[in-house]
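Reading the structure
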Amino acid sequence: MTGVVAEAASVRGWRYWQVSPRRRLRSVAQRHVEWQPGRPVNAICLTGGHPAPSVNCSCGVSAASDLETLRQHGLCVLPGGLVVGEVDLWGRVVDEPYGYRAQHALPASLAIVEGTVDEDEQESLEQALRAYGVALTGIALEDAVAGTTAAMLSFQLMSSQASRSGDRWVPERVDGWVPEREESAAPPLGDG
Ligand SMILES: [Zn+2]
């Protein structure tokens, strides 16, 4: 069924989010896309001029079919708070080998990835994320991301703590992370 566009009633997928400076969910691949509590994200195609998603494009909100697939395909090695969770997808939906690209999306459950948020920020983040009105839990780093990524995130967290305690070294972006790109070349789990 890969590549077929269907009008789906609703499918459920998994994805990562980062936390924006004002503690909202933010897309990992499209960092300017903030997910507003209680409001669906509606995909548009920036370059294709067609309804999103389309088969021969990378537009749409991406989600993996399950957590294990997300762990294998998801790119999430930016420093900072990381959230993983389920997302309801509907409207136009394109099947992908990893899961789906969809027209509309709304978070269905959220889990803060342990170790990616400083202890003194944990409580305020939990409070902020409750605005989304879905189940909120925590998940161990090694359960949420694949091994190599977990090691990188652990290192980044240690580094950022060191920099605040007097060490002036500031971690940079990790090679391998693909920043926002144009429509035709989005990473596997990006949002168009
Ligand atoms: Zn498109």
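What this report covers is the structure whose coordinates are included nearby. (Residues numbered from 1 in each chain as written. Predicted model: local features only at pLDDT ≥ 70, side-chain atom pairs only at ≥ 80, totals over all residues.)

1. Points about the overall build of the protein
Applicable threshold: Going along the chain from the N terminus, every DSSP run of H or I of four or more residues is numbered as a helix, and every run of E of two or more is numbered as a strand. Here, residue contact means that the backbone-derived C-beta atoms of the two residues sit within 7 Å.
Assigned secondary structure in the protein consists of four helices and eight strands. Going residue by residue from the N terminus, the α and β elements of the protein occur as β-β-β-β-β-α-β-β-α-β-α-α. Contacts in the protein between residues far apart in sequence, at least 24 positions, make up 70% of those at least 6 positions apart.

2. Focus on unusual backbone geometry
Of the consecutive residues Ala52 and Pro53, the connecting peptide bond is found in the cis state with omega at -5°. Within the secondary structure, Pro53 is located in the loop between β4 (41–42) and β5 (61–64). Even without being glycine, Arg23 reaches a positive phi, approximately 60°. In this fold, Arg23 is placed in the loop between β1 (5–19) and β2 (25–27).

3. With respect to the pairing of strand β6 (residues 82–95)
To keep it simple, the criterion reads: For the exposure call, what matters is how many other C-beta atoms sit within 10 Å of a residue's own: 20 or more marks it buried, 12 or fewer exposed, and in between partly exposed, using C-beta atoms placed from the backbone. In this description, strands pair whenever DSSP reports at least two bridges between them.
For β6, a buried count of 10 out of 14 residues is recorded, marking the element as mostly surrounded by other parts of the structure. Where β6 meets strand β7 (residues 99–113), 11 bridges bridge the pair, whose relative direction is antiparallel. Residue pairing for β7: Val83 is matched across the bridge by Ile112. Between β6 and the antiparallel strand that follows it, β7, lie three residues.

4. Things to note about the nonpolar core
The condition is simple: Among buried residues, those of type Ala, Val, Leu, Ile, Met, Phe, Trp, Tyr and Cys that are joined through C-beta atoms within 7 Å form a set called a nonpolar core.
The biggest cluster of nonpolar side chains holds 38 residues, and the ones touching the most others in it are Tyr16, Val61, Ala63, Val83, Val84, Leu89 and Val113. Every element with two or more residues in this core is listed here: β1, β5, β6, β7 and α4 (147–164). Setting aside residues up to four positions removed in sequence, Val83 forms contacts with Tyr16, Trp17, Val19, Leu25, Leu110, Ala111, Ile112 and Val113.

5. Re the pairing of β5
Where burial is concerned, the two faces of β5 agree: the one with Val61 and Ala63 and the one with Ser62 and Ala64 are both buried. Alignment of β5 against β7, held across four bridges, turns out to be antiparallel. Bridge pairing in β7 links Ser62 to Arg101.

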